[in-house]
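# Per-entry structural report
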Amino acid sequence: MVKLTPDNLAAKLKKRIDLNNTEELNLSGLQIDDLGSFASMPKLNKVDLSNNRIQFFRQLEKFLETPTIKELTLTGNPVCKITNYRYFIIKNLPDLEILDGKEVTPEDRESAVTAFEEKPKVNLTAEEAEKKRKEDELRIRKMREAREAEKATKEREEKGIAPKVQTEEERRAEIEEGQEFST
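Rules used throughout
- Residues numbered from 1 in each chain as written.
- Predicted model: local features only at pLDDT ≥ 70, side-chain atom pairs only at ≥ 80, totals over all residues.
- Heavy atoms only, no water.
- Helix = DSSP H or I, 4+ residues; strand = E, 2+ residues; numbered from the N terminus.
- Buried < 20%, exposed > 50% of the residue type's maximum accessible area, 1.4 Å probe, protein only.
- Polar contact = N/O pair within 3.5 Å; in protein donor to acceptor, adjacent residues only side chain to side chain.
- Contact = heavy atoms within 4.5 Å.
- Phe/Tyr/Trp six-rings, centres within 6.5 Å; stacked < 30°, edge-to-face > 60°.
- Salt bridge = Lys/Arg side-chain N within 4 Å of Asp/Glu carboxyl O.
- Core = buried A, V, L, I, M, F, W, Y, C linked by side-chain atoms within 4.5 Å.

## A few points about the side chain of Thr66
- Checked against the element boundaries, Thr66 lands in the loop between strand S2 (46-48) and strand S3 (71-73).
- Residue classification places Thr66 among the buried positions, given a relative accessible area of 0%.
- A distance of 2.7 Å separates a polar atom in the side chain of Thr66 from the backbone oxygen of Phe63.
- With near-sequence residues (within four places) excluded, Thr66 lies in contact with Ser37, Phe38, Ala39 and Leu93.

## Brief notes about the packing of aromatic side chains
- All told, the structure shown has two aromatic pairs when counted by the stated rule.
- With centroids separated by 5.5 Å and ring planes inclined at 75 degrees, the aromatic side chains of Phe38 and Phe63 adopt a geometry described as edge-to-face. In this pair, Phe38 is assigned in the loop between strand S1 (24-26) and S2 and Phe63 in the loop between S2 and S3, connecting sequence segments 25 residues apart.

## Quick look at the pattern of salt bridges
- Tallied over the entire structure, the rule returns three salt bridges.
- The partner of Glu65 in a salt bridge is Lys62, and the shortest N-O contact between them spans 3.8 Å.
- Since its relative accessible area comes to 45%, Glu65 is described here as partly exposed.
- We classify Lys62 as partly exposed; its relative accessible area is 41%.
- Asp108 is the partner of Arg86 in a salt bridge, and the nearest nitrogen-oxygen pair spans 3.2 Å. Of this pair, Arg86 sits in helix H2 (residues 85-92) while Asp108 sits in helix H3 (residues 106-116), and the two are 22 residues apart along the sequence.

## Looking at the nonpolar core
- Among the nonpolar cores identified, the biggest contains 30 residues, and Leu35, Phe38, Leu49, Phe63, Leu72, Ile89 and Leu96 are the most heavily contacted of them.
- Residue contributions to this core peak at four residues, all from H2.
- Among residues more than four places away in sequence, those in contact with Ile89 are Leu60, Leu64, Leu72, Leu74, Leu96 and Leu99.

This is the structure:
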C-alpha cells in the first residue's frame, strides 16, 4: 500500500501535474486506499475520489488537512457507509461547500460539531468503572483483530489468494469462545 501524495501523484495519473496551479483532481476509480496531505497544492479546491478503496477515516486524516478543498466526492468508497461519515468530513474540512454532490448547509455544520464534540466525563462507581474498563478492553481487542484481519486480507489480495469464507457454525463457535474469555 502506497500513500497517495502530491509527490507520487504524477506517477499514479501517468501525466505531469502542476502542484502550484492545479485546482481540480479527478482520482476516481484508481484503487486508492490511503492518502497523504495535499496542503502543498495551494489552489486545489475540487477533488473526485469516488469509487476507490478508502475504508476508514484514518486513511483520510492527512488529506483532510488540505485547507483549500471546497468540493469533495467520495461516493463509492466503503468509508461512506460509516455512521456520521458526512459529519466527520464536514467537521474536518471547514470550508467545504459540496460533499458528494450535495451542498453543505449550516445545519450540516452544526450537526457535525454536535456529532463529534467531546462528551463530559461522569463520576463512576467502582463497579461501573470496572465494567467500562472491560468494555474498553473488549473494544480495543476487537479493533486490533479487525486491523489484523484487514492486513491479512490485503496480503491475500496482493498474493492473489481468495479469502476464506467462514461458515455460520464457525462464526457461532468463535463468538462463544470470545464470551468464555470475557467472563
